[in-house]
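Listed below, chain by chain, are the residues.
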Amino acid sequence: MTWAIDEKSYSQRRACALVGLHPRTYRYASTRPDDSALRAKLRELASQRRRFGYRRLGRMLERQGIKLNAKKLYRLYKEERLTVRKRGGRKRALGTRAPMAIPQDRNLRWSLDFVADTGEWPALPHPHAGR
């Protein structure tokens, strides 16, 4: 846009039409206030309290007399890339498992086959039967 206006001497309206942008969008100037002091305070609190999210940091700011909208607080929190640090996960065994050794002789490895052993127990005689 600026290149077309400066270098090619196009009017602002013509340059916006070429790009497909409304002239009001090109001329828009943000009226958002400067939040650098608030951002610095938020970063400082987040560095002190690494396990606090934006809600708890917002409560800490309120205790210090800084009242802030939740949406604005969340926006600043995200823009500053402040996130709760992830805790370490479960430690897993390193390396690969050694394959099971193949037995070289009979009766070196024993195992139980629970699937094949599904038969009923033999019926025991009743202690008082046949008296």
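Basis of the calculations
Residues numbered from 1 in each chain as written. Predicted model: local features only at pLDDT ≥ 70, side-chain atom pairs only at ≥ 80, totals over all residues. Heavy atoms only, no water. 1 Å grid on protein atoms, 1.4 Å probe; cavity = no way out; pocket = protein on both sides within 12 Å on 5 of 7 lines; lining within 4 Å. Points joined across faces, edges and corners; volume = space filled by probe spheres on them. Nonpolar A, V, L, I, M, F, W, Y, C, P; charged D, E, K, R; others polar. Patch = residues over 30% accessible without salt bridge, like charges linked within 9 Å, V, L, I, M, F, W, Y side chains within 5 Å. Areas by Shrake-Rupley, 256 points an atom, 1.4 Å probe, with all protein chains shown as cover. Salt bridge = Lys/Arg side-chain N within 4 Å of Asp/Glu carboxyl O. Helix = DSSP H or I, 4+ residues; strand = E, 2+ residues; numbered from the N terminus. Buried < 20%, exposed > 50% of the residue type's maximum accessible area, 1.4 Å probe, protein only. Axes fitted to C-alpha atoms, helices over the stretch in contact; angles between N-to-C directions. Parallel < 35°, antiparallel > 145°, perpendicular 65-115°, else oblique. Contact = heavy atoms within 4.5 Å.

(A) Representation of empty space enclosed by the protein. By the definition in use, this model includes one cavity of 30 Å³ or more. Of the voids in this model, the largest cavity is the one considered here, and its volume is about 30 Å³. As for the largest cavity, its lining consists of A46, R49, R50, F52, Y77, L82, T83 and R85. Class assignment for the residues of the lining of the largest cavity results in four nonpolar, one polar and three charged.

(B) Region of interest: a nonpolar patch on the surface. A contiguous nonpolar patch, built from L18, V19 and L21 and spanning about 270 Å² of accessible area, is present on the exposed surface. The residue L21 is located in the loop between helix 2 (12–19) and helix 3 (23–27) in this model. Residue L21 is classed as partly exposed on the basis of its relative accessible area of 31%.

(C) A look at the environment of G58. The topology assignment puts G58 in helix 5 (residues 54–63). Assessed through its relative accessible area of 10%, G58 is described here as buried. In this structure, the C-alpha to C-alpha distance between G58 and N69, residues eleven residues apart in sequence, is 9.0 Å.

(D) Representation of unusual backbone geometry. Its identity is not glycine, yet S9 carries a phi of approximately 60 degrees, on the positive side. Along the chain, the position of S9 falls in the loop between helix 1 (2–6) and helix 2. The phi torsion at N107 lies on the positive side, around 65 degrees, for a residue other than glycine. The topology assignment puts N107 in the segment after helix 6 (70–79). Overall, the relative accessible area of 62% leaves N107 in the exposed class.

(E) Spotlight on the packing of helix 4 (residues 36–48) against helix 6. One can describe the packing of helix 4 onto helix 6 by two numbers: an axis separation of 10 Å at closest approach and a directional angle of 70 degrees. Put simply, helix 4 runs roughly perpendicular to helix 6. Each of L38, R39 and L42 in helix 4 lies in contact with helix 6, whose residues at this interface are L73, R75, L76, Y77 and E79. Of the residues that constitute the contact of helix 4 with helix 6, the class distribution is five nonpolar, no polar and three charged.

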